[in-house]
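Structure assessment
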Amino acid sequence: MPQNNLSAVVRTARGGSYRRALAARGMAPAVVYGKNIGSLPVEVDIRKFYEAMTGGRNTIIDLNINGDKTYSVMVKEVQRDPIRQDIMHIDFHQISLEDKIQVAVPLIFEGEVSPGGVLQIVKRDLNVSCLPTDIPEEIKVNVDGLSPGDSIAVSSLAVPGEVTILDELDAPVVTVTVVAEEPAGEADEAEAEGEGAAGGEGEKQ
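Residues numbered from 1 in each chain as written. Predicted model: local features only at pLDDT ≥ 70, side-chain atom pairs only at ≥ 80, totals over all residues. Heavy atoms only, no water.

**Some details on the environment of Gly-55**
Threshold: The helix and strand labels rest on DSSP assignments: H or I over at least four residues marks a helix, E over at least two residues marks a strand, and numbering proceeds from the N terminus. Burial here depends on accessible area, computed with a 1.4 Å probe over protein chains only, as a share of the maximum for the residue type. Under 20% is buried, over 50% is exposed, and the range in between is partly exposed.
Mapped onto the fold, Gly-55 is located in the loop between helix H2 (46-52) and strand E4 (60-65). Using a relative accessible area of 8% as the deciding quantity, one classes Gly-55 as buried. Along the chain, Gly-55 and Gln-3 lie 52 residues apart, while their C-alpha atoms are 8.3 Å from each other.

In structure tokens, the structure reads:
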């Protein structure tokens, strides 16, 4: 998992007007939570925040505060404007690189199922436990050639040896069902209605 740098500045103000002033400067308010910090309000550059998140939501960030102390953190939550999707607030959580943590790793599905099958995705994330530096960016799931009735369970997923799966091993990740066919009677009726409508239009001409 990538470990990137980001700078932050301690903030003393709060409120809507202050947040708007920050946004005008391309900044966002944030809070760093941790046993060595408590809850520390800071502000960060939004563009640099995006640049630091190259490894996705589980990226480890070395957050330097006021050019002084640096803490290893991960993003706990990002609050966005419901309409514009602009970042309104960020929560960082301090971590120890020597202690295992629990995270959700995104599943990436590759391949195509056999003709006549429809892929039903049951899980899009896998809950695991590992050291922060061992967190996979993603876990790939090969669905190529699966036929109706086939499925893939959590136990079939390939994860690094240092990663412990927390989900139930027999839980399904994907299943493949049969393509639903339109009953012949309904199909014939729809075709007949279509021909009738076409004929009606011709009569009007």
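**Some details on the packing of aromatic side chains**
What describes a pair of aromatic rings is the distance from one ring centre to the other and the angle between the planes of the rings. To keep it simple, the criterion reads: Between the rings of Phe, Tyr and Trp (Trp by its six-membered ring), a pair exists once the centres lie within 6.5 Å; its type follows the angle of the planes, with under 30 degrees stacked, over 60 edge-to-face, and the other angles tilted.
Per the stated rule, a full pass over the model turns up two aromatic pairs. Pairing Phe-49 with Tyr-50 gives two aromatic rings, centres 6.0 Å apart and planes at 55°, and the pair type is tilted. Look at Phe-49 and you get buried, because its relative accessible area is 4%. Overall, the relative accessible area of 44% leaves Tyr-50 in the partly exposed class. Geometrically, the ring pair formed by Phe-49 and Phe-92 is edge-to-face, given 6.2 Å between the ring centres and 75° between the ring planes. Residue Phe-49 is located in helix H2, and its partner Phe-92 is located in strand E6 (residues 87-94); the two are separated by 43 residues in the primary sequence.

**Looking at the sheet that holds strand E9 (residues 125-130)**
Note the following rule: When DSSP locates at least two bridges between a pair of strands, those strands are taken to pair.
Pairing within the open sheet is mixed, and its four strands lie in the order E10-E7-E9-E12. Two strands close off the open sheet at either side, each with one partner strand: strand E10 (139-142) and strand E12 (164-165). Relative to E12, E9 is paired through two bridges, and the arrangement is antiparallel. When the bridges of E12 are listed, Ser-129 appears paired with Thr-164.

**Quick word on the side chain of Ser-129**
As for its position among the elements, Ser-129 is in strand E9. Looking at Ser-129, the relative accessible area reads 13%, which means it is buried.

**Section: the sheet that holds strand E8 (residues 117-121)**
Operational definition: Helix axes are fitted to C-alpha atoms over the stretch in contact, other axes to C-alpha atoms as well, and angles between N-to-C directions run from 0 to 180 degrees.
The strand order across the open sheet formed by three strands is E8-E13-E11, and the pairing between neighbours is antiparallel. The open sheet is flanked by E8 and strand E11 (151-153), the only strands paired with a single partner. Between one strand and the next, the sheet's axes are offset by a mean angle of 15°, whatever the strand orientation. Pairing between E11 and strand E13 (residues 172-178): three bridges, direction antiparallel. Bridging across to E13, Ser-151 finds its partner in Thr-175.

**Quick word on the pattern of salt bridges**
Here is the rule: Take a side-chain nitrogen of Lys or Arg and a carboxyl oxygen of Asp or Glu: if they are within 4 Å of each other, that pair is a salt bridge.
By the definition in use, this model includes seven salt bridges. Across the pair Arg-25 and Glu-43 runs a salt bridge, and its minimum N-O distance is 3.3 Å. One end of the pair, Arg-25, is in the loop between helix H1 (16-24) and strand E2 (27-34); the other, Glu-43, is in strand E3 (residues 38-45), with 18 residues separating them in the sequence. Each of Asp-81, Arg-84 and Asp-86 takes part in one network of salt bridges that share partners.

**A closer look at the pairing of E2**
Within a regular strand, the side chains alternate between the two sheet faces. Of all the eight residues making up E2, seven are buried; the element is thus mostly covered by neighbouring parts of the structure. Connecting E2 to the antiparallel partner E3 that follows it, the hairpin turn spans three residues. Across four bridges, the pairing between E2 and E6 is parallel. Residue Val-32 lies in a different strand from E6, and its bridge partner there is Phe-92.

**Here's the deal with unusual backbone geometry**
Peptide bonds are mostly trans, and most non-glycine residues show a negative phi. A positive phi angle is found at Asn-66, which is not glycine, with a value near 60°. Considering the arrangement of structural elements, one finds Asn-66 in the loop between E4 and strand E5 (69-80). Non-glycine residue Gln-85 carries a positive phi angle of around 65°. According to the relative accessible area criterion, Gln-85 is partly exposed, its value standing at 43%.

**What about a nonpolar patch on the surface?**
Stated precisely, the cut-off is as follows: To count toward a patch, a residue needs a relative accessible area over 30% and no salt bridge; like charges are then connected within 9 Å, while nonpolar side chains (Val, Leu, Ile, Met, Phe, Trp, Tyr) are connected within 5 Å. Only the protein chains shown count as cover for residues, with accessible areas throughout obtained via the Shrake-Rupley method and a probe of 1.4 Å.
There is a patch of nonpolar side chains on the surface, built from Val-118, Val-178 and Val-179 and spanning about 230 Å² of accessible area. Here Val-179 lies in the loop between E13 and helix H3 (184-204).

Just distances and angles here, no functional claims.
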